[in-house]
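Spelled out from the first residue to the last, the chains are:
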Amino acid sequence: MMRDNSWGFVRVNALANGYWASCALHAAVRTGLSGELAKGPRTTDDLAQGLELDSRAVGMLLTVFTTLGLLNKDGEVYSMVPEAAPFFLPGGPKDMSHIIMHNALMVETWAKLHNSMQSGNPVNPGFTPKESLHFYKGMRDISRQQAGGLAARLGLKSGQSLLDLGGGPGIYGYTFAQETSGLRVTVFDLPDSLPSFEEEAQGRDLSIPVTRINGDYTIDHIGGPYDVIWISHILHGEGPDAAGALLKKAAAALNPGGALWIQEFVVDPEGKGHPFAALFALNMLLNTEKGQAYSFKELSDLMTAAGLENIQAVGPTAPGAPASLIKGEKPK
Ligand SMILES: C[S@@+](CC[C@H](N)C(=O)[O-])C[C@H]1O[C@@H](n2cnc3c(N)ncnc32)[C@H](O)[C@@H]1O
């Protein structure tokens, strides 16, 4: 990734206050304003009245979003740009309101980053029930955007068995099953995420139902053997020892010749990677005991120690996305 080394006071100041725009977005979702605008054009006054908000404040927020290019203004009427509207439409297939709410709830934690810098410990080692709800549904918001079409990229085939380890709501597992008729999919996760998994099953057309195992992958048997294991955004929640142990457990649950796929925010210690992956490492510092973002070398070493071979960086999950795919194979 190209780094931009050109600096002036304007860019420094923009970096200092970048959270203002994020907080404006959080407020738009929290108040229901973005959802209303996603449904259709509105004026300041009718939005303020309908949502019981202060008209002057609504006007200010609408000007921000118009300036940011999220809204168009025609006279007194604001309309969301068509390309953006699906991401804010409540209950729609591309709705991102839960991941936005998750980020809103993380603001207080991020504001205490200096404490973690001193102690090396997390500020928020566990989520409240409200934080958990938006976290699980927020993961769903993101995975829904990029799960489609991945089955072909992973080379999944009818008759294979696949484990979505730490699959949470199971979006990847369900999508792989939907896109690969005859694929037998198991989603393994903690019991906490079962409601979001069951909700996700509704309305899906699958040739074979997706199996669910509730368990803790650090202590419980993960089933198998499987032909393919998909480990998406799991390892960053664990320290190197636990991540290595989990990869060994997964490799042991693979059939000979089977494939282990990792999706992760891969950090580049030389500073040439996606900035989000580097920021995500701080998010793990703030929210977990030992989690971190891993480099390709660190992941590759852990996969090798787990007995995998032919390890390759396959590239970003989607163009420009901060998440990358890595593949390893169990020897035949
Ligand atoms: C960041 S989410 C990733 C979910 C999904 N794989 C995805 O990519 O969207 C991490 C998942 O790991 C699960 N998890 C964390 N610790 C676990 C454990 N000890 N055993 C099983 N699942 C666990 C969480 O419940 C959560 O669903």
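Residues numbered from 1 in each chain as written. Predicted model: local features only at pLDDT ≥ 70, side-chain atom pairs only at ≥ 80, totals over all residues. Heavy atoms only, no water.

A.B. asks: What is the right way to read helix α11 (residues 171-179) from this model?
C.D. replies: One turn of the α-helix equals 3.6 residues, which is why residues spaced by three or four share an orientation. Counting buried residues in α11 gives seven out of nine residues, a clear majority hidden from the surface. For α11, the full list of buried residues reads Ile171, Tyr172, Gly173, Tyr174, Thr175, Phe176 and Ala177. (Buried < 20%, exposed > 50% of the residue type's maximum accessible area, 1.4 Å probe, protein only. Helix = DSSP H or I, 4+ residues; strand = E, 2+ residues; numbered from the N terminus.)

A.B. asks: Explain the sheet that holds strand β4 (residues 161-165) here, please?
C.D. replies: The strands that make up a sheet pair up through hydrogen bonds in the backbone, lying either parallel or antiparallel. Pairing is mixed in the open sheet, where seven strands are placed in the order β6-β5-β4-β7-β8-β10-β9. The open sheet has two free edges, formed respectively by β6 (211-214) and β9 (309-316), since each of these has just one partner strand. Here the average twist between neighbouring strands, direction ignored, is 20°. Pairing between strand β8 (residues 254-264) and strand β10 (residues 324-329): six bridges, direction antiparallel. Each bridged residue has a counterpart across the sheet, and for Ala259 the counterpart in β10 is Glu329. Relative to the sheet, helix α15 (residues 296-305) contacts β8, β9 and β10, its axis offset from that of β9 by approximately 150°. (Pairing = 2+ DSSP bridges. Axes fitted to C-alpha atoms, helices over the stretch in contact; angles between N-to-C directions. Contact = heavy atoms within 4.5 Å.)

A.B. asks: Can you help me understand the environment of Gly307 in this one?
C.D. replies: Mapped onto the secondary structure, Gly307 falls in the loop between α15 and β9. We classify Gly307 as partly exposed; its relative accessible area is 37%. Note: C-alpha distance between Gly307 and Ala251 (56 residues apart in sequence) is 7.0 Å. Those residues within four positions of Gly307 in sequence are excluded, and the remaining contacts are Glu329 and Pro331.

A.B. asks: Even after reading the chapter, I still don't get the sheet that holds strand β2 (residues 71-74), so can you show me in this structure?
C.D. replies: Across the sheet, which stays open at both edges, the three strands sit in the order β1-β3-β2 with antiparallel pairing between neighbours. Two strands bound the open sheet, and with one partner strand each, they are β1 (42-43) and β2. Across four bridges, β2 lies against strand β3 (residues 77-80) in antiparallel orientation. When the sheet's bridge partners are listed, Asp74 is paired in β3 with Val77. The strands that helix α5 (residues 55-67) touches are β2 and β3; relative to β2, the one it contacts most, it runs at about 110°.

A.B. asks: Help me understand the site of the ligand in this model?
C.D. replies: In the vicinity of the ligand, 16 residues are found, and the nearest of them are Tyr136, Met139, Gly166, Asp189 and Ser232. Asp216 has a polar side-chain atom sitting 2.8 Å from a nitrogen atom of the ligand. A distance of 2.9 Å is found between a nitrogen atom of the ligand and a backbone nitrogen or oxygen belonging to Tyr217. A per-element tally of the shell around the ligand places helix α9 (residues 129-146) first, with three residues. Class assignment of the residues belonging to the shell around the ligand gives a composition of eight nonpolar, six polar and two charged. (Near = heavy atom within 4 Å. Polar contact = N/O pair within 3.5 Å; in protein donor to acceptor, adjacent residues only side chain to side chain. Nonpolar A, V, L, I, M, F, W, Y, C, P; charged D, E, K, R; others polar.)

A.B. asks: Please explain helix α12 (residues 194-201) as it appears in this structure.
C.D. replies: Within α12, burial applies to Ser196, Phe197 and Glu200. End-on view of α12: buried residues confined to an arc of 105°, all on one side of the axis. For α12, the secondary structure elements touched by its buried residues are α9, α11, β5 (184-189) and β6. Once α12 finishes, Gly203 follows within two positions and takes phi at roughly 80°, a positive value. (Arc of directions from axis to C-beta.)

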